[in-house]
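Each chain, letter by letter, is given below.
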Amino acid sequence: MSKGILIGIIGGTGSMGKWFRDFFSDAGHKVLVSGRKTETTYTDIIKECDAVILSVPLDAAIEISGQIGPLLRKNQLLMDLCSLKEAVVKNMLDNTEADVIGTHPLFGPFTDSIKGQNVIFCRGRGEYWLKWLEDEYTSKGAVVSLMDPTVHDRHMAIVQGLTHFLAICMGRTLQKMNMNNSTALSCSTPVFKINYDLIGRLFAQDIGLYQNIISKNIHFSDVLDLFLSVVDEGRDSLLSGQDEKGLLYLENVRDYFKDSCRESLKESNKFINALYGEQ
Ligand SMILES: NC(=O)c1ccc[n+]([C@@H]2O[C@H](COP(=O)([O-])OP(=O)(O)OC[C@H]3O[C@@H](n4cnc5c(N)ncnc54)[C@H](OP(=O)(O)O)[C@@H]3O)[C@@H](O)[C@H]2O)c1
């Protein structure tokens, strides 16, 4: 595989764009970045670069791939970093003859290293660049999985959609209960503190990204319907006034996780200890 290729990141002025600018520069490649106000334009990027990365919000990625796709050469790569894959991968494929890869790094811009991090690839077109990109990531310790875009988006309806939705709704509940920061902290158990920090973490970042992850995932409303039915089920069992019914309900769920819960206890103890400073 060739070293030192020229990579262009459209949206390279944003947080993930900067992260991948540094990642590819550190790997020995030359990286050009463009944003909406940079001197370097999309045209410069597509003219000069071997690989073009879209690191912009989903709607912009779809719009820009429609504009630049037809101008790309067959031996170039067009790839994106969007958190949802179905629409953007289809759009990239429909608009260019260049090689196409949909990618979703399952980590954010505050991550120190790609080592141990998951990255999902959605095969678009071509083998050369797919192999190149896989080598770039796995040689630095990333865990790359190849996935169909629809399957990816269904999984993300839970992994990101439901997770963030729960954090938002928990935050809204605290707001409605008027539980302010100092009360929350003085009443915190370790588990609550982690949840509280995860709510804060979400609202400390770009809320537009979270809005996109939830509202633009066409599979999320099915997941939410299921979740709401589970809320009713849980209420019926745990608030039934019959201890046995509640315990049976918990046992049933526990059975599903029986192989992984010991490991999860060990893992979560690690971050609880880290939170309070290991002694
Ligand atoms: N943040 C994460 O944790 C994370 C993780 C995985 C994947 N992603 C995905 O990575 C992509 C970029 O996210 P990010 O967090 O880096 O966002 P970001 O920090 O807001 O950066 C967005 C970039 O896109 C450009 N941009 C914004 N709106 C645009 C528009 N309408 N047309 C053209 N360019 C536009 C911005 O350029 P200007 O300089 O002109 O504003 C900026 O360079 C998204 O698709 C997101 O789903 C994000």
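Just so it is clear, the structure is predicted and the values come from calculations on it, not from any experiment.

Rules used in this analysis
- Residues numbered from 1 in each chain as written.
- Predicted model: local features only at pLDDT ≥ 70, side-chain atom pairs only at ≥ 80, totals over all residues.
- Heavy atoms only, no water.
- Patch = residues over 30% accessible without salt bridge, like charges linked within 9 Å, V, L, I, M, F, W, Y side chains within 5 Å.
- Areas by Shrake-Rupley, 256 points an atom, 1.4 Å probe, with all protein chains shown as cover.
- Salt bridge = Lys/Arg side-chain N within 4 Å of Asp/Glu carboxyl O.
- Helix = DSSP H or I, 4+ residues; strand = E, 2+ residues; numbered from the N terminus.
- Buried < 20%, exposed > 50% of the residue type's maximum accessible area, 1.4 Å probe, protein only.
- Axes fitted to C-alpha atoms, helices over the stretch in contact; angles between N-to-C directions.
- Parallel < 35°, antiparallel > 145°, perpendicular 65-115°, else oblique.
- Contact = heavy atoms within 4.5 Å.
- Nonpolar A, V, L, I, M, F, W, Y, C, P; charged D, E, K, R; others polar.
- Core = buried A, V, L, I, M, F, W, Y, C linked by side-chain atoms within 4.5 Å.
- 1 Å grid on protein atoms, 1.4 Å probe; cavity = no way out; pocket = protein on both sides within 12 Å on 5 of 7 lines; lining within 4 Å.
- Points joined across faces, edges and corners; volume = space filled by probe spheres on them.
- Domains from an automatic or database assignment.
- Buried area = accessible area lost by both parts, 1.4 Å probe.
- Near = heavy atom within 4 Å.
- Polar contact = N/O pair within 3.5 Å; in protein donor to acceptor, adjacent residues only side chain to side chain.

Chemist: Sorry if this is basic, but what is going on with a nonpolar patch on the surface here?
Modeler: Residues L238, L239, L247 and L250 make up a contiguous nonpolar surface patch of about 410 Å² in total accessible area. Position of L250 relative to the elements: it lies in helix α11 (residues 243–256). With a relative accessible area of 44%, L250 lands in the partly exposed category.

Chemist: Would you mind going over the packing of helix α6 (residues 149–176) against helix α8 (residues 190–203) with me for this structure?
Modeler: How two helices sit against one another is set out by the angle between their axes and by the gap between those axes. For the pair α6 and α8, interaxial distance at closest approach is 9 Å and the crossing angle is 100°. When the axis of α6 is compared with that of α8, the two are roughly perpendicular. Taken together, the residues of α8 that come into contact with α6 (itself represented by H164, A167, I168, M170, G171 and L174) are F192, Y196, I199, L202 and F203. Residue composition of the contact of α6 with α8, by class: nine nonpolar, two polar and no charged.

Chemist: Whenever I open this one, the nonpolar core confuses me. Can you help?
Modeler: Grouped burial of nonpolar side chains is what soluble globular proteins tend to show. By size, the foremost hydrophobic cluster in this structure holds 25 residues, and its most contacted members are I7, F20, F24 and Y137. Breaking this core down by element, the ones donating at least two residues are β1 (6–10), α1 (15–26), β3 (51–54), β4 (77–80), β6 (118–125) and α5 (128–138). If near-sequence neighbours (up to four positions away) are discounted, F24 is found in contact with I7, H29, V31, I53, W132, L133, E136 and Y137. Judged by nonpolar contacts, the second largest core, of 23 residues, contains I45, I68, V88 and A98.

Chemist: Help me understand the layout of surface pockets, please; the structure alone is not making it clear to me.
Modeler: Using a probe with the size of a water molecule, rolled over the atoms, empty space left in the structure can be pinpointed. Considering only enclosed or pocket space, the second largest pocket measures out at about 280 Å³ in volume. Secondary structure elements with two or more residues in the lining of the second largest pocket: α10 (220–238) and α11. Element by element, the count of residues in the lining of the second largest pocket is highest for α11, at three residues. Of the residues that constitute the lining of the second largest pocket, the class distribution is five nonpolar, no polar and one charged.

Chemist: Sorry, what's going on with the domain arrangement of the protein chain here?
Modeler: Accessible area lost when the parts come together is the quantity often used to give the size of an interface. For the protein chain, the assigned domains read domain 1 (6–147) and domain 2 (151–275). A straight line from the C-alpha centre of domain 1 to that of domain 2 covers 31 Å. With 13 residues of domain 1 at the contact, the number on the domain 2 side is 15 residues. The junction of domain 1 with domain 2 conceals about 1100 Å² of combined surface from both sides, 64% of it contributed by carbon and sulfur atoms.

Chemist: Would you mind showing me how to read unusual backbone geometry here?
Modeler: With phi around 55°, N178 is a residue other than glycine that occupies positive phi space. You can see N178 is positioned in the loop between α6 and α7 (181–186).

Chemist: Got a minute to help me understand the site of the ligand in this structure?
Modeler: Around the ligand there are 22 residues in total, and T13, M16, R36, V56 and S83 lie nearest to it. Between the ligand and M16 there is a distance of 2.8 Å, counted from an oxygen atom to a backbone nitrogen or oxygen. Here an oxygen atom of the ligand and a side-chain polar atom of S83 are 2.7 Å apart. Surface burial for the ligand is 77%, taken as the share of its 900 Å² of free accessible area covered by protein chains. Breaking the shell around the ligand down by element, the ones donating at least two residues are α1, α3 (58–68) and β5 (99–105). Partitioning the shell around the ligand into residue classes produces twelve nonpolar, nine polar and one charged.

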